[in-house]
Amino acid sequence: EHFDHLQRITERLIQNITKKVSASLVNLSLVLLFTFILALSVIAVISWRIHHSISKSISAVTSKMGLLSKGNLSQEYLEVKTSDDIGRLGQIFNQLAKNFSHFIKISEKFLQGETGENDSKLEGEFGHSLDRMEKQAHEKKEAEETLRQERDKLSQEDWLKSNLAEISKSLQGL
């Protein structure tokens, strides 16, 4: 009888412990599920913000590049806030736009006949093109000066011929 009583107490203890462990496991499962959902939500929000930030930056560069490709050099430079690859892309775009503007400004001066203005440090084809334009502008300026001098000479010779002819007529009439 004593043994039966101990066995019943043991069974009740085991049932109570089993209920408490089951309840704890259910609670633990709910906490883990909630934590997992919360972590997943936080990761989703962070991922969306990173994606949005990258997309926004790339869209800005793409938009400015589109305008530049159509010849619009009067646009504002990109505001670069980061030093990552996208920030570097923005810096390179700004330098490209600046070099295009500078190239056109110097080219226009050469077309107007001004020389000695190629103080840029442009490299590659931009630099070579400006060097060739400067040389051609200088050669054109020299050729125009030579032509002007030759015209002046011819004009003086024509004046002399004309005056000599008049002097010759005047002398013949004497």
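The structure we're discussing is the one just above.
So, here's what we can say about the structure. (Residues numbered from 1 in each chain as written. Predicted model: local features only at pLDDT ≥ 70, side-chain atom pairs only at ≥ 80, totals over all residues. Heavy atoms only, no water.)

Secondary structure assignment for the chain yields 3 helices and 0 strands. Its helices and strands taken in sequence order, the chain reads α-α-α from the N to the C terminus. A compact globule built from 174 residues should have a C-alpha radius of gyration of about 16 Å, whereas the chain, at 45 Å, is more than 25% larger. Over its C-alpha atoms, taken along the principal directions, the chain stretches across nearly 175 × 20 × 15 Å. Burial status across the chain gives 13% buried among its 174 residues. Surface summary for the chain: the accessible area is close to 14500 Å², and the carbon and sulfur share equals 60%. Between the centroid of the 23 positive side chains of the chain and the centroid of its 24 negative side chains there is a distance of 9 Å. (Helix = DSSP H or I, 4+ residues; strand = E, 2+ residues; numbered from the N terminus. Rg over C-alpha atoms; globule rule 2.2 N^0.38 Å. Buried < 20%, exposed > 50% of the residue type's maximum accessible area, 1.4 Å probe, protein only. Areas by Shrake-Rupley, 256 points an atom, 1.4 Å probe, with all protein chains shown as cover. Lys, Arg positive; Asp, Glu negative; His and termini not counted. Charge placed at Lys NZ, Arg CZ, Asp CG, Glu CD.)

What follows is about the layout of surface pockets. Volume-wise, the largest pocket comes out at about 410 Å³. Every residue lining the largest pocket is counted, 16 residues in all, and those nearest its centre are S53, S57, E79, K81 and I86. Breaking the lining of the largest pocket down by element, the ones donating at least two residues are α1 (2-69) and α2 (85-111). Sorting elements by how many residues they give to the lining of the largest pocket places α1 first, with 7 residues. The residue makeup of the lining of the largest pocket, split by class, is 6 nonpolar, 6 polar and 4 charged. (1 Å grid on protein atoms, 1.4 Å probe; cavity = no way out; pocket = protein on both sides within 12 Å on 5 of 7 lines; lining within 4 Å. Points joined across faces, edges and corners; volume = space filled by probe spheres on them. Nonpolar A, V, L, I, M, F, W, Y, C, P; charged D, E, K, R; others polar.)

This brings us to the nonpolar core. By size, the foremost hydrophobic cluster in this structure holds 6 residues: F103, I106, F110, L122, L130 and A137. Counting residues per element, the ones that place at least two in this core are α2 and α3 (124-172). Here this core takes 3 residues from α2, the largest share from any one element. L68, L78, F93 and A97 belong to the second largest nonpolar core, which has 5 residues in total. (Core = buried A, V, L, I, M, F, W, Y, C linked by side-chain atoms within 4.5 Å.)

The subject of this paragraph is the packing of α2 against α3. Put simply, α2 and α3 touch, their axes get as near as 9 Å, and they point 10° apart. Between α2 and α3, the interaxial angle falls into the category roughly parallel. In this structure, α2 uses N99, F100, F103, I106, S107 and F110 to contact α3, whose residues at the interface are F126, S129, L130, M133, E134 and A137. Looking at the contact of α2 with α3 residue by residue, the class counts come to 8 nonpolar, 3 polar and 1 charged. (Axes fitted to C-alpha atoms, helices over the stretch in contact; angles between N-to-C directions. Parallel < 35°, antiparallel > 145°, perpendicular 65-115°, else oblique. Contact = heavy atoms within 4.5 Å.)

Let's shift gears to a nonpolar patch on the surface. Nonpolar side chains collect at one region of the surface, where I9, L13, I17, V21, L25, L28 and L32 lie side by side and expose about 630 Å² of accessible area between them. Looking at the secondary structure, you find L32 in helix α1. In this structure L32 comes out as exposed when scored by relative accessible area, which is 53%. (Patch = residues over 30% accessible without salt bridge, like charges linked within 9 Å, V, L, I, M, F, W, Y side chains within 5 Å. Salt bridge = Lys/Arg side-chain N within 4 Å of Asp/Glu carboxyl O.)

Before going further, it helps to examine the environment of L40. Topologically, L40 is positioned in helix α1. Each C-alpha atom of the pair L40 and L160 lies 100 Å from the other, and the pair is 120 residues apart in sequence.

These figures capture arrangement, not role.
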